[in-house]
Amino acid sequence: MKNLVERFLRYSKIDTQSDPNSATTPSTLKQFDLAKLLVEELKELGLEDAKVDKNCYIMATLPANCNEKLPVIGFIAHLDTSPDFSGVEVKPQFIENYEGGDILLNKELNIVLSPNDFPEMKNYVGNDLITTNGTTLLGADDKAGIAEIMTALEFFKKNPHVKHRTIKVGFTPDEEIGRGADLFDVQAFGADYAYTIDGGELGELEYENFNAAGALVTFNGRNIHPGFAKNKMVNSMLLAMEFNALLPANERPEHTTGYEGFIHLTKMQGDVEQSKIQYIIRHHFEQNFENYKQLMSLAVDFMNQKYGEDTVVIQISEQYKNMRKMLEPVIEIVENAEKAMLQAGVVPIKKAIRGGTDGARLSFMGLPTPNIFGGGHNFHGKYEYIPIQSMQKAVEVIINIAKI
Ligand SMILES: [Zn+2]
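Residues numbered from 1 in each chain as written. Predicted model: local features only at pLDDT ≥ 70, side-chain atom pairs only at ≥ 80, totals over all residues. Heavy atoms only, no water.

K.L.:
Please explain the packing of aromatic side chains as it appears in this structure.
P.N.:
In this description, an aromatic ring pair is defined by two values, namely the gap between the centres and the angle between the planes. Applying the stated criterion to the full structure yields 11 aromatic pairs. Taken together, the aromatic side chains of Tyr 57, Phe 184 and Phe 189 make up a single cluster linked through ring pairs. (Phe/Tyr/Trp six-rings, centres within 6.5 Å; stacked < 30°, edge-to-face > 60°.)

Okay, structure coming up:
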């Protein structure tokens, strides 16, 4: 498994941060630096058709080494790292045989990775951890996923007696800015189903995510000199506050977990004349999700009856959907992943994602794609770390899924 860690380090040192303010794909040209290296390495591993397209999507095939006609499976990971934290000059550090205490990431800056803040670190006593030096993110999200897929491919190259089905590999740009699935050519990829290796802790298996919409609500007031405002002024900011008070106070992100949804106020701006507020609406269950949208529309109707037509205007835009609907008809692909984990001695942790994934988008584009752990923790920041043993388990799980 020396190669696994070496690969991960090689990839993590290449800065591939994506940029939400860029309109191009890839959003940053530096993502090609890693992509080109990966194409070379895929070819060295015998995946002769490996190539990167002009938008920085890599695709490659490891053909089956048996005659049985079996579904083609894909493994997908993303090249980019989060725009939220620097990925320049990542300098990983190793903690061998972690003893369970604080880890000093950076002496000068006094940055400490502590189980007091991150109690799940205690699960990895005795493991070997890779951490940051406190000044960058680590990039285990999702370069661990890439390294794990590459190492599984190497296993099949070195063990030709192990029979496996046709494996498609896809590495995508710009996942962190929500565009990873945009230009993914499902047809060209040619897999019947796929897995993103983009989850966190050991055992994570995800095939449900939120249904998601956004709402922009505009409040039209009437500004008059306050000295002469009686029975004339309508203060749009107060209308906005009244509207918000009509929404369920407990169904907000800070009060919800698991399968509980929410309506989340994300932005407000306004003056007496006009105010605009924005919400995101999230729920795993379609009916509850529809109920949220209807509730907001009813609140708008109520306000308009009280204050006059078009005082309040709502625009709701759909964002993404729960992939569970697309995965239920092919639930065996989730079960196969569970079996593959159990074979590797990993207890599957099935969780509903409180967000979205590229896999959800791909599932609705015709490629059912649940998400499997890559092994890392504390993504998108300086406290990111990954146990090497979790990475090794991820490789085993990929191998178990692919072999016959
Ligand atoms: Zn990721």
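K.L.:
What is the right way to read the coordination of the zinc ion from this model?
P.N.:
Taken together, His 78 (NE2), Asp 141 (OD), Asp 198 (OD) and Asp 198 (OD) make up the full set of protein donors to the zinc ion, lying 1.8 to 2.7 Å away. Between the four donor atoms coordinating the zinc ion, the angles at the centre fall across 52 to 149°, so the site counts as irregular. Positions of the donor residues of the zinc ion along the chain correspond to the pattern H-x62-D-x56-D. Placement of the pair is His 78 in strand β3 (residues 73-78) and Asp 141 in helix α3 (residues 140-158), with a sequence separation of 63 residues. The residues His 78 and Asp 141 share a single accessibility class, namely buried. (Donors = N, O, S within 2.8 Å, 3.2 Å for Na, K, Ca; no water. Tetrahedral: all angles 85-135°; square planar, octahedral: opposite > 155°, others 65-115°. Helix = DSSP H or I, 4+ residues; strand = E, 2+ residues; numbered from the N terminus. Buried < 20%, exposed > 50% of the residue type's maximum accessible area, 1.4 Å probe, protein only.)

K.L.:
Would you explain the sheet that holds strand β2 (residues 58-62) in this entry?
P.N.:
Strand pairs in the sheet, formed through backbone hydrogen bonds, run parallel or antiparallel to each other. Strand order in this open sheet of eight strands is β1-β2-β8-β3-β9-β16-β10-β15, and the pairing throughout is mixed. A single partner strand is all that each edge strand has here, and the edge strands are β1 (51-52) and β15 (349-352). Across five bridges, the pairing between β2 and strand β8 (residues 167-172) is antiparallel. Directly across from Ile 58, in β8, lies its bridge partner Phe 171. Packed on one face of the sheet, α3 meets β2, β3, β8, β9 (193-199) and β16 (371-373) and runs near 145° to β3. With respect to the sheet, helix α10 (residues 388-402) is in contact with β3, β8, β9 and β16, its orientation differing from that of β16 by roughly 140°. (Pairing = 2+ DSSP bridges. Contact = heavy atoms within 4.5 Å. Axes fitted to C-alpha atoms, helices over the stretch in contact; angles between N-to-C directions.)

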